[in-house]
Every structure is written in C-alpha cells, then in structure tokens.
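The residues making up each chain are set out below.
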Amino acid sequence: MAAVAMVVAITVVVMTTMIGVMGEDLHRVGGSKGWRPDVNYTDWFAHEKTIYVGDWLIFYFDKRYYNVLEVNKTSYEQCIDKDFVKNVTRGGRDVVQLTEPRAYYYLSSGGYCFHQMRVAVNVVAKDEGKDHHTPTIAPASSAPSQNSASSIIIVPSIVIACIWIVIVNAINVSLFNFK
Ligand SMILES: *[C@@H]1O[C@H](CO)[C@@H](O)[C@H](O)[C@H]1NC(C)=O
Ligand SMILES: *[C@@H]1O[C@H](CO)[C@@H](O)[C@H](O)[C@H]1NC(C)=O
Ligand SMILES: *[C@@H]1O[C@H](CO)[C@@H](O)[C@H](O)[C@H]1NC(C)=O
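Cut-offs used in this document
- Residue positions are given per chain, counted from 1 along the sequence in the order it is written.
- Chain letters and ligand numbers both follow the written order, the letters beginning at A and the numbers at 1.
- Given that this is a predicted model, residues contribute local features only at a pLDDT of at least 70 and side-chain atom pairs are listed and counted only at 80 or more, while totals for whole chains, interfaces and linings are drawn from all residues.
- Near, as applied to residues and a molecule or strand, means the residue's backbone-placed C-beta atom lies within 6 Å of it.
- Residue type decides the class: Asp, Glu, Lys and Arg count as charged, Ala, Val, Leu, Ile, Met, Phe, Trp, Tyr, Cys and Pro as nonpolar, and the leftover types, Gly among them, as polar.
- Here, a nonpolar core denotes buried Ala, Val, Leu, Ile, Met, Phe, Trp, Tyr and Cys residues that are linked to one another through C-beta atoms within 7 Å.
- Exposure classification rests on a simple neighbour count of other C-beta atoms within 10 Å of a residue's own: a residue reaching 20 or more is buried, one at 12 or fewer is exposed, and one in between is partly exposed. C-beta atoms are placed from the backbone.
- Only DSSP runs of H or I reaching four residues or more are called helices, and only runs of E reaching two or more are called strands; each is numbered from the N terminus.
- Two residues form a contact once the distance between their C-beta atoms, set from the backbone, is within 7 Å.

## So, the site of ligand 3
Taken together, Asn67, Asn87, Thr89, Arg90 and Ser109 make up the full set of residues adjacent to ligand 3. Looking at the shell around ligand 3 residue by residue, the class counts come to no nonpolar, four polar and one charged.

Take a look at the structure:
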C-alpha cells in the first residue's frame, strides 16, 4: 500500500513537472471547491489567472452525480445537455487541454446546470498578454521571482528529494536488519 502511494506520488510529481517545463498551466475549475452545484464559476473564472492555449483544465467531482460536457455557447446559456460537443467525463479527476484561442463552455447534465454547474472559459493565444509586458532585468538583490512556472518546478524537486531520502533510509534499514 505504501509502495502504491509512493508510485502515485512520484507519477503526480513527474506529470506536474512535465507540465511546468512545457510552460503549460493546470487550472483547477472552481479552485478548492471543485466541480459541484452552487459554485459561481463566472466568479471563479474572473479571479483565475489568464488561461493560455495549451493550458489544461482539471475538474474534480463526484462522478456518481455529476459530469463534464463541452457544449456550445447557446447550450451553455440555456443549459441544454443534448447533442453536446464533447464528453470530458472519466473518473472524476478529469483533464482537458485547451488547444485553441477561443471560448470553451462546459456544463454538467442531470439538471445541475440549473444550479450553476456551468463554466465559460476564454482561452487566449500565448503571445497575447505578453504584448504589453516588457521584460525587465531584475536587480541582483531582488528576491527570486515567485511565478507559477518556477514554483511548479521547485516544489516537485523538493518532494522528489524527500521521497529519495525516505527510499534511501528504507534501503539502509532493511540492509542493516538483514545483517
Ligand atoms: C456570479 O458572479 C458574477 C460576477 O462575479 C455575478 O455577476 C453573477 O451575478 C453571479 N451569479 C450568481 C448566480 O450569483
Ligand atoms: C449548439 O448546439 C445545439 C445542440 O447541439 C444546437 O441545436 C445549436 O444549433 C448549436 N448552436 C450553434 C450556434 O452552433
Ligand atoms: C460520458 O462518458 C462517461 C465515461 O465514458 C460515461 O460513463 C457517460 O455515460 C458519458 N456521458 C454522456 C452524457 O454521454
């Protein structure tokens, strides 16, 4: 069981690192609330950082009740779940990559759309938004930048280091006991 947990942890760390290295962000829909009724997803999107082409959405939900369907704008506005564009639902921790600079619309069927379970996200091209950002040279004394890309890489590295220490200690202990 511990071994399984460790494999899962390492897999998550490696995937997170890969997404970070590729410059893509993972946006958790609804933040800590996840995907459920009575969350204002318009409000979530308004406060979420910019979503760029290539970024991913992750929906955390209880698949016994809810699902994630991509729909068009009309269906989003009117909560129509018939003839959807794409079914994103898998196990309840489902990711979808946003590959085009456009608006994407998702809802949950089963009547939950009428309880606010719908989200519209606007995806912008990578070079948009960078236009009005002039690169500046940071002074040598400034603190390391805290942008998401660097923390995505640094945090997993620390986790890997900790896991490695645990493994090495476990091996040492078993060798010691064997003698
Ligand atoms: C959700 O939030 C948006 C703005 O953040 C607001 O305009 C809208 O009225 C809210 N919707 C509901 C149902 O409360
Ligand atoms: C949106 O999807 C619905 C359901 O498939 C369809 O009836 C409608 O014509 C579509 N609207 C647009 C603008 O594509
Ligand atoms: C969406 O896909 C899931 C998993 O394949 C499936 O269980 C579910 O019935 C599908 N939902 C719809 C509305 O097609």
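## Here's the deal with the nonpolar core
Nonpolar side chains in soluble globular proteins tend to end up buried together. The biggest cluster of nonpolar side chains holds 18 residues, and the ones touching the most others in it are Trp35, Phe59, Tyr106, Leu107 and Met117. At the level of secondary structure, the elements contributing two or more residues to this core comprise β3 (56-60), β4 (69-71) and β7 (103-107). In terms of residues, this core owes the most to one element, β7, which gives three residues. Excluding residues within four positions of it along the chain, Phe59 makes contact with Val29, Trp35, Val68, Val88 and Asp94.

## Re the site of ligand 1
Every residue close to ligand 1 is listed here: Asn40, Thr42, Asp43, Ala46 and Gln116. For the shell around ligand 1, the per-class residue count stands at one nonpolar, three polar and one charged.

## Examining unusual backbone geometry
The residue Asp38 is not glycine, and still its phi comes out positive at about 60°. The residue Asp38 is located in the loop between β1 (26-28) and α2 (41-47) in this model.

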